[in-house]
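Below are the chains, spelled out letter by letter.
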Amino acid sequence: MGNELIRFDHVSYTYPGVDTPAVRDVSLSINEGEIVLITGPSGAGKTTLCSMLNRMIPESYGGEVKGTVSIKGADLSEYSVGQMAFISGMLFQDPSGQLTCPTVGDEIAFGPENRGLPVEEINALIDRYIGYVNMRHLIDRPPQALSGGQQQSVAYAAVLAMEPEIYILDEPTSNLDPLGSDLVFSLIKKVAGDKNKTAIIVEHKLEKIIDMVDRLVVMDKGRIVFDGKPEQVLTHYRELMEIGVAAPQIIQVFNRLKDAGKADLALTTNLAKAVAELSGALPGKLPQERLDTVGEGFPEPARYEKPVIEVRGLRFGYNSEVEVLHGIDMDIYEGEFLSIVGQNGSGKTTIVKHFNGLLKPTGGSVKVFGTETRDTTVAGLSQKVGYCFQNPDHQIFSSVVRDEICYGPKNLGWPQEKIDKTVGEVGKMLHIDDLFDQNPYNLSKGQRQQIAVAAILAMEPDVLIVDEPTTGQDPRQSHEMMDMVKWLNKELHKTIVVITHDMSIAAEYSDRIIVMHNGTVIAQGSPRDVFAQEKLLNSSNLESPQVTRLLQQAGITSPTAINVEEAMQLLSELTFETAGVHA
Amino acid sequence: MNKAVEKSFLYSLDPRTKMLLLLILIFVGVMVMDPFLTIVMMAGAYAMYRVSGISHKEVKRITKPLLLAFILFFLLNFPFATPLPNEQVFFYLLPNQTIPITMTGILTGFGNGLRFILFIWIADLITTVTPTGDIVLALNKARIPPEASIAIGIAFSYIPVLKKEISTVIEAQKSRGANFESKNPYKKVKAYIPVIVPGLFISIMKGREIARAIEARGFTYDPVNRTYRNEIRFKGRDFAVIAIMLAAFAVVAYFSIGKGWFGTRFVYDLLA
């Protein structure tokens, strides 16, 4: 590792109009060539800290910085955002929010053009970095027409073309599907492999990235709470869980085996190494009968039999030339919790938009509670099927929370008395009745999401579709949201259809999973049945939870464990060959 | 942009020529009040669409939402146009000889409605055949500050993104039982408030995001001396088009302003 490059010396920062500091007395030193991962729950101060490195804070945001931030000993308060852009290049979360040029080539040229470089040099930079991200064939395409992963790759190439000394990647995959995330992670790996690059990555998804970094910094409430080598920091997985950071499942399993005195396996953040470590320690012959007995005790989801939505031979295309859904058959059962998983473009959102009539089949049929969706309107179906969109800001428009929640019931023509009663009940159920007189735009994103759900629930639908409820959220926020949806399922007996990319979430909450790929259903069944089919999932670029893959690849192929608890139950039946060696 | 458009004559012109073309066509459109001549100009605009590689289907798609505006223009114009002295009144819209309906009124309503469609067509055609990057370069040549020209370029690039956002908002509100199909114009406008507010909010948020993104790419480093990788240059065909357009403009202006031709009843009176 090289010399010290970045230094935060007792740095604190408070946003304008806020009393509590976002970053509190942080001291941090990063060396040249180091790849540092900063994680922590939302609001921990990660992005704020990074934004000081390119002077966005305080120049663009205002507010007060205390302490000193320096690069190579130079105090950054002497520099402008414009100058810092070529020293600390920053890649943001939302790919579509940072692509501003008409073509991919123009996008990559934008930074070098701003620096005033000669045209020949700019063209050489475009040529170098468009090749680096393998997008030469898309050079004349408008970036807005690309997929999320491709857009983020273009944005990444645009940062690379500025050739900064430091790369700051702020949750670069939080808005992407697994395929897009993999594309961006592979590029990060490429940069990480280049010894001259110093990179600071902010990320919640530790499993995919942890293996590429030299150092893990964990922040909470504006402070650094852990800082060190990833394996060393992750031994504190229980404390990390408490502040809302989910350690990779392989780390959780290995730590728990050690804590239980079962086996002291070498901690690793790499799945392949973990598989080798575990399979090396497993007994030569597995006690299959005992494992099967444990497996019989694994919870099995309830079976539901009364279909409320019946899809038969559904075909659909947004225009006559391209068909998106190719003859789908599926049933949604009353009272079940169903997750539909698949990559972007697999057709999962397109199919659920048929459930409330936003889209009508071009072939086949969709029946909701026995009524053909072709024969009714979206408004008519909205009393039966509620649709919660991913971003609450796509639906909130009132200046008062109560009016926002009343909007749906009013559209249904309910008498005022019924509206008041239902809205009041929904507010109490979701514990948001104290927010009724507030302006939704003054509330947090999490609260706005609750209001968006309340606004749908107030219409008393029997089926609730929830579109990607965990995208862009930290693990704790994801669980809070999903716990609420599960509660609606269990306590109010709502039929739930969740669209998600997050396989661990699907495993934890669903009774049933449907896997879609290229407009067809390729698998369906209980989470255990679906995750047992690793090859099939891989064919659609999906992966079962990490712990499932760990056990399967280590040789424990049956029964299928779908979470850490189940894995521990199976592993506790085994006698390890390294048991207690280091304990 | 499709390949046929990129190969078209209009696309190959310098963006400044296209801007001048747009201005002259709009001025000519303003001077020619006659609905029959407006139809002739529309036929010309349609021909330009087609030779520029834009399909009939695409023109239809652009025109369909304009029909409502055409009807509104007609309804708001035809009863209020000043009739000629002693002109035949077909009937009165209200009792006590209030709001006379005359041929001048009908021709004015048609003319204004058609001109509205013509203006949208011309603006759409010119922006379709002009890459956004060229618009920025043309504005720079016109000595518009780079902050403004880049902002205009970004605004053009973001139109599809905002369209997508707005259609998601519409779907979200439809899912809450919203009805946008009302025939009552007041109700129709009111129904769109739940679309306009989130649309504005999302646009403002996106605007902030973009501002930070371009700052992070060094836009504020030295905007005046930034490099523009692409260049624009007038070619022979540009001079030819400009000469023809200026000549056409002069002819129309001479006959329109000097001789009083091309008024609302110009062709009708010739034929009558």
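One structure accompanies this document, and this report is about it. (Residues numbered from 1 in each chain as written. Chains lettered and ligands numbered in written order. Predicted model: local features only at pLDDT ≥ 70, side-chain atom pairs only at ≥ 80, totals over all residues.)

Residue and element names in this part refer to chain A. Sheet architecture is open: 6 strands sit in the order β16-β17-β18-β13-β19-β20, paired in mixed fashion. Pairing within the sheet leaves two strands with one partner each, and these edge strands are β16 (385–388) and β20 (520–525). Averaged over neighbouring strand pairs, the angle between their axes works out to 20° when direction is ignored. As paired elements, strand β13 (residues 337–341) and strand β18 (residues 495–500) share 5 bridges and run parallel to each other. Opposite Val-341, over in β18, you have Thr-500 as the bridge partner. Of the strands in this sheet, β16 and β17 (463–467) touch helix α18 (residues 445–457), which is tilted by about 165° from β16. (Pairing = 2+ DSSP bridges. Helix = DSSP H or I, 4+ residues; strand = E, 2+ residues; numbered from the N terminus. Axes fitted to C-alpha atoms, helices over the stretch in contact; angles between N-to-C directions. Contact = placed C-beta atoms within 7 Å.)

Now for the nonpolar core. Side chains of a nonpolar character, in soluble globular proteins, are inclined to be buried together. Judged by nonpolar contacts, the single largest core of 191 residues is most densely connected at Ala-157, Ile-188 and Ile-465 of chain A. Among all residues touching Ile-465 of chain A, those that are not within four sequence positions of it are Val-352, Phe-355, Asn-356, Val-385, Gly-386, Tyr-387, Cys-388 and Val-497 of chain A. Counting residues in hydrophobic clusters, the runner-up holds 24 residues, among them Leu-10, Leu-21, Leu-107 and Val-129 of chain B. (Core = buried A, V, L, I, M, F, W, Y, C linked by C-beta atoms within 7 Å. Buried ≥ 20, exposed ≤ 12 C-beta atoms within 10 Å, placed from the backbone.)

Attention now goes to the sheet that holds strand β12 (residues 325–333) of chain A. All names here are of chain A. Strand order in this open sheet of 4 strands is β12-β11-β14-β15, and the pairing throughout is antiparallel. Since the sheet does not close on itself, it has two edges, and those belong to β12 and β15 (371–372), each with one partner. In terms of strand pairing, strand β11 (residues 307–316) meets β12 through 7 bridges, oriented antiparallel. The residue bridging Pro-307 from the neighbouring strand is Tyr-333, located in β12.

This next bit is on the packing of helix α16 (residues 401–411) of chain A against helix α17 (residues 416–429) of chain A. Residues and elements named next belong to chain A. Following both chains from N to C, one finds α16 and α17 inclined at 125°, their axes separated by 10 Å at the closest point. Comparing their axes, α17 and α16 come out oblique. The way α16 lies across α17 gives a crossing that is right-handed. Contacts between α16 and α17 involve Arg-402, Ile-405, Cys-406, Pro-409 and Lys-410 from the first element and Ile-419, Thr-422, Val-423 and Val-426 from the second. (Parallel < 35°, antiparallel > 145°, perpendicular 65-115°, else oblique. Left-handed = near helix turned anticlockwise from the far one by under 90°.)

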